[in-house]
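Per-entry structural report
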Amino acid sequence: MSLELGFFIPPVPPEQFVQMAIQAEAAGYDFITCDDHMIYPFAPFDDGEPGYGIHEAWTAMTYLAGATSRISVSHMVLVTTFRGPGLLAKMGATLDLFSGGRMDLTVGAGWYEGEFKAFDFPWEDHKGRLEREREAVQIIKSLWTEPRVSYKGSYYRLDNAEVTPKPLQKPAPPIWIGGDSKRSMKLAADLGDGWLVHAHQPDEIGRMYKTIRPMLCERVENYGLVMAAFVIMGSDPDDATRKMKQMISPKALESFQVAGIRHELNNRVSGNAQQF
């Protein structure tokens, strides 16, 4: 299993968004990613005024694929309900072709009820959302690899549908499935090429990996794990450590140091915090 490093681009104006992607590619990162929300859930209103908000994730990352040449593009994570599996399969195949095979599809069931209800998307309990996502992933994989697809599920139906032309990556682009629950892990183990787990301390990641590992059976050697972590940037290592001590406990800091994350960043990427 090889190690790849990704760069998360936050909701910022277009000029900064593009510049971060270009700098991430120049610095040596392997992929770039961004949030997928209809309404940004982390932007409180200040003095009655909304924050910047958030761009539509697929459009934004498609633009970045054209603004870069090497780095892969992905999301953290795409909510399958927002677009539907048929459209998402077509979009994914097109972006993979136009980007020269640089598209990784990372999907999730969604968690922010407010945006679902605001835009009249169907909102089920956690079990229902995962069942809907499972059907979506099955459909996307089939449309990417089979000439025509008919499907009858509880949430989606297809009648002799096709996606032509197919994606560039063969047999299909990788599908990464996000989520920390056991149901999400089971879905990722059954249908995903990899599993994305959100920001946790390294020892917690280890415990969670012990849960999903038995589900993978013989697939474990070729399976991918993406850990979404927050990296604190500073003018030098001591400055970054000082900032980190202000944000997390000494025990948590020690676990990140033991995991060697700073070592990997130092050896894999170049540049400084001011460039981003």
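Here's a quick rundown of the structure. Note that this is a predicted model, so its numbers are computed, not measured.

Digging into the pattern of salt bridges
Summed over all chains, the structure comprises eight salt bridges. A salt bridge links Lys117 to Glu113, with the nearest nitrogen and oxygen atoms 2.5 Å apart. One end of the pair is Lys117 and the other is Glu113, both in helix H5 (residues 113-118) and four residues apart, which spans about a single turn. With relative accessibility at 55%, the residue Lys117 sits in the exposed group. Owing to a relative accessible area of 32%, Glu113 belongs among the partly exposed residues under this scheme. Here Asp190 and Arg134 are joined by a salt bridge, their closest N and O atoms 3.0 Å apart. One end of the pair, Asp190, is in helix H7 (residues 182-191); the other, Arg134, is in helix H6 (residues 126-145), and 56 residues separate them in sequence. Asp190 sits in the partly exposed class, given a relative accessible area of 33%. Overlapping salt bridges, with partners in common, bring together Asp36, Glu56 and Arg83 in one network.

Digging into the packing of H6 against H7
The contact between H6 and H7 brings their axes to 10 Å, and the two run at 10°. On the basis of their axis angle, the class for H6 and H7 is roughly parallel. Here the hand of the crossing between H6 and H7 comes out right-handed. Of H7, the residues touching H6 (which contributes His126, Lys127, Leu130, Glu133, Arg134, Val137, Gln138 and Lys141) are Arg183, Ser184, Lys186, Leu187, Asp190 and Leu191. Taken together, the residues of the contact of H6 with H7 break down into four nonpolar, three polar and seven charged.

Examining empty space enclosed by the protein
One pass over the full model with this rule turns up one cavity of 30 Å³ or more. Here the largest cavity defines a volume of roughly 50 Å³.

A short note on the sheet that holds strand S2 (residues 31-33)
Spatially, S1-S2-S3 is the arrangement adopted by the three strands of the open sheet, whose pairing is parallel. Because the sheet does not close on itself, it has two edges, and the strands there are strand S1 (6-8) and strand S3 (72-73). Two strands pair when backbone bridges link them, and S1 and S2 are joined in this way by three bridges, in the parallel orientation. When the bridges of S2 are listed, Phe8 appears paired with Thr33.

As for the side chain of Arg83
Summarising the element assignment, Arg83 is placed in helix H3 (residues 80-83). Side chain to side chain, Arg83 and Asp36 meet in a polar contact 2.9 Å long. When residues no more than four places from it in sequence are discounted, the contact partners of Arg83 are Asp36, Glu56, Ala57, Trp58, Leu78, Leu88 and Met91.

Focus on the nonpolar core
Buried together is how nonpolar side chains tend to be arranged in soluble globular proteins. Judged by nonpolar contacts, the single largest core of 57 residues is most densely connected at Ile32 and Leu105. No other element matches the seven residues that H6 contributes to this core.

Rules and cut-offs
- Residues numbered from 1 in each chain as written.
- Predicted model: local features only at pLDDT ≥ 70, side-chain atom pairs only at ≥ 80, totals over all residues.
- Heavy atoms only, no water.
- Salt bridge = Lys/Arg side-chain N within 4 Å of Asp/Glu carboxyl O.
- Helix = DSSP H or I, 4+ residues; strand = E, 2+ residues; numbered from the N terminus.
- Buried < 20%, exposed > 50% of the residue type's maximum accessible area, 1.4 Å probe, protein only.
- Axes fitted to C-alpha atoms, helices over the stretch in contact; angles between N-to-C directions.
- Parallel < 35°, antiparallel > 145°, perpendicular 65-115°, else oblique.
- Left-handed = near helix turned anticlockwise from the far one by under 90°.
- Contact = heavy atoms within 4.5 Å.
- Nonpolar A, V, L, I, M, F, W, Y, C, P; charged D, E, K, R; others polar.
- 1 Å grid on protein atoms, 1.4 Å probe; cavity = no way out; pocket = protein on both sides within 12 Å on 5 of 7 lines; lining within 4 Å.
- Points joined across faces, edges and corners; volume = space filled by probe spheres on them.
- Pairing = 2+ DSSP bridges.
- Polar contact = N/O pair within 3.5 Å; in protein donor to acceptor, adjacent residues only side chain to side chain.
- Core = buried A, V, L, I, M, F, W, Y, C linked by side-chain atoms within 4.5 Å.

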